[in-house]
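# Breakdown of the fold
Chain residues, written in single-letter form:
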Amino acid sequence: MISQRTIDIIFETARVEEVVGDFVNLKRAGSSLKGLSPFGNEKTPSFVVSESKQIFTCFGCGATGDVFEFVKRYYNLDFNE
C-alpha cells in the first residue's frame, strides 16, 4: 500500500505537462497545451493540458483528470499498480 504522504509528494512534484509531454507532442494553445489524444485515433488535436489546474482533458473521448489519472489510463492500471 502507498502512504498518503508519498501520494502527496508525487502529486506536488509531478507536473502533468511534463508527464503527458513524454507521451504526447504538446503545443502551446493560449494558456493551455494541446495535442493528439493518446487514448484515441484522431487527426485533429482535442487533448488539452492545463498547467495552472494540473489536469488534462480529452474532448474526443471525455477522459479527464490529474497526473495519476493520466498514467492509470495510458497504461490501463489501477491506482496501486
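Residues numbered from 1 in each chain as written. Predicted model: local features only at pLDDT ≥ 70, side-chain atom pairs only at ≥ 80, totals over all residues. Heavy atoms only, no water.

Broken down by element type, the protein carries 3 helices and 5 strands. Overall, the protein shows an N-to-C arrangement of helices and strands of α-α-β-β-β-β-β-α. For the protein, whose C-alpha radius of gyration is 13 Å, the value lies close to the compact-globule estimate of 12 Å for 81 residues. Taken along its principal axes, the extent of the C-alpha atoms in the protein is 40 × 25 × 20 Å. Counting only residues that meet the buried cut, the protein has 30% of its 81 residues in that class. Surface accessibility of the protein: about 5,400 Å² in total, with carbon and sulfur atoms responsible for 51%. Where the 9 positive side-chain charges of the protein centre and where its 11 negative ones centre are 8 Å apart. (Helix = DSSP H or I, 4+ residues; strand = E, 2+ residues; numbered from the N terminus. Rg over C-alpha atoms; globule rule 2.2 N^0.38 Å. Buried < 20%, exposed > 50% of the residue type's maximum accessible area, 1.4 Å probe, protein only. Areas by Shrake-Rupley, 256 points an atom, 1.4 Å probe, with all protein chains shown as cover. Lys, Arg positive; Asp, Glu negative; His and termini not counted. Charge placed at Lys NZ, Arg CZ, Asp CG, Glu CD.)

As a further point, take the state of the cysteines. Considering all chains together, one arrives at 0 disulfides under this definition. Free of any disulfide, Cys58 has its nearest neighbouring cysteine sulfur in Cys61, separated by 3.5 Å. We classify Cys58 as buried; its relative accessible area is 1%. Accessibility expressed as a relative area gives 46% for Cys61, which makes it partly exposed. (Disulfide = S-S within 2.5 Å.)

As a further point, take the nonpolar core. Within the largest apolar cluster, 15 residues are counted, with the highest numbers of intra-cluster contacts made by Val20, Leu26, Phe47, Val49, Phe56 and Phe70. Elements supplying a minimum of two residues to this core: α2 (16-21), β3 (47-50), β4 (55-58) and α3 (67-75). Here Leu26 is in contact with Glu17, Val20, Gly21, Leu33, Lys34, Gly35, Phe47 and Val49, once residues within four sequence places are set aside. (Core = buried A, V, L, I, M, F, W, Y, C linked by side-chain atoms within 4.5 Å. Contact = heavy atoms within 4.5 Å.)

Before going further, it helps to spend a moment on α3. Looking at α3, one finds that the buried residues are Val67, Phe68 and Phe70. In a view along the axis of α3, the buried residues occupy a sector of 165°, so they form one face of it. In this fold, the buried residues of α3 make contact with α1 (4-13), α2, β3 and β4. Capping the start of α3, Asp66 holds a side-chain oxygen 3.0 Å from the backbone nitrogen of Phe68, two or three residues further along. Following α3 by one or two positions, Asn76 has its phi on the positive side, about 55°. (Arc of directions from axis to C-beta. Polar contact = N/O pair within 3.5 Å; in protein donor to acceptor, adjacent residues only side chain to side chain.)

This part is about the confidence of the model for the protein. In this model, the protein carries a mean pLDDT of 93, and residues with pLDDT of at least 70 account for 98%. For the protein, the element scoring lowest by mean pLDDT is α1, at 91; β3 scores highest, at 98. (pLDDT = per-residue confidence, 0-100.)

The next subject is the side chain of Ser37. With respect to the helices and strands, the residue Ser37 is situated in the loop between β2 (32-35) and β3. We classify Ser37 as buried; its relative accessible area is 7%. In this structure the side chain of Ser37 is engaged in a polar contact, spanning 3.0 Å, whose partner is the backbone nitrogen of Phe39. Once residues lying within four places of it in the same chain are set aside, the contact partners of Ser37 are Glu42, Phe47 and Cys58.

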